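Single-letter residue listing:
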Amino acid sequence: MLAGTEWEEKGLHWHAYLGAGSLCLDRSDLPPREVLRSPEQVAEWIRDRAAEGEPQLVRFGERWVRTTDTEFLDVAWFRDLKVAERGDSIICSWPAVGGGRTTVYVDAVAADQCPFDH
Ligand SMILES: [Zn+2]
């Protein structure tokens, strides 16, 4: 098997959800906000949501950057791409503009285990 093709061999797609607050979103019967069909779509969707977050200063090598800066988002995009290529799910969270937190849930689902018709 070639590296990065596990998701295809497993017949996966991803259900994407947005949550707010600190409680974990119950996604068991909830139709997804978006259906993502490739690791590139997964990484792009998360990146777009992260870019809308409240900027936070973080260490980036020897420097400090904002979490909404392109170079930081690019590194996160690549990390998320590799996770999705392995066929894994991703949950991450960051401060929302105006207070509170935004949490994204991107659940890997095999086609034969998806309860939805999409
Ligand atoms: Zn599905």
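Use the structure listed above.
Residues numbered from 1 in each chain as written. Predicted model: local features only at pLDDT ≥ 70, side-chain atom pairs only at ≥ 80, totals over all residues.

Draft legend 1. Structural context of the environment of threonine 103. Along the chain, the position of threonine 103 falls in strand 6 (residues 101-110). Sequence separation of threonine 103 and serine 93 is 10 residues, and the distance between their C-alpha atoms is 4.1 Å. Setting aside chain neighbours within four positions, we find threonine 103 in contact with Gly19, Leu25, Ile91 and Ser93. (Helix = DSSP H or I, 4+ residues; strand = E, 2+ residues; numbered from the N terminus. Contact = placed C-beta atoms within 7 Å.)

Draft legend 2. Highlighting the nonpolar core. Formed by 13 residues in total, the largest nonpolar core has its most connected members in Trp14, Leu36, Val42, Ile46, Ala84 and Val106. When contributions to this core are tallied by element, the ones reaching two or more residues are strand 1 (12-20), helix 2 (39-51) and strand 6. In this view, tryptophan 14 contacts Leu36, Val42, Ala84, Val106, Asp107, Ala108 and Val109; residues no more than four positions away in its chain are not counted. (Core = buried A, V, L, I, M, F, W, Y, C linked by C-beta atoms within 7 Å. Buried ≥ 20, exposed ≤ 12 C-beta atoms within 10 Å, placed from the backbone.)

Draft legend 3. Structural detail: the pairing of strand 4 (residues 63-66). In terms of strand pairing, strand 3 (residues 57-60) meets strand 4 through 4 bridges, oriented antiparallel. Each bridged residue has a counterpart across the sheet, and for valine 58 the counterpart in strand 4 is valine 65. (Pairing = 2+ DSSP bridges.)

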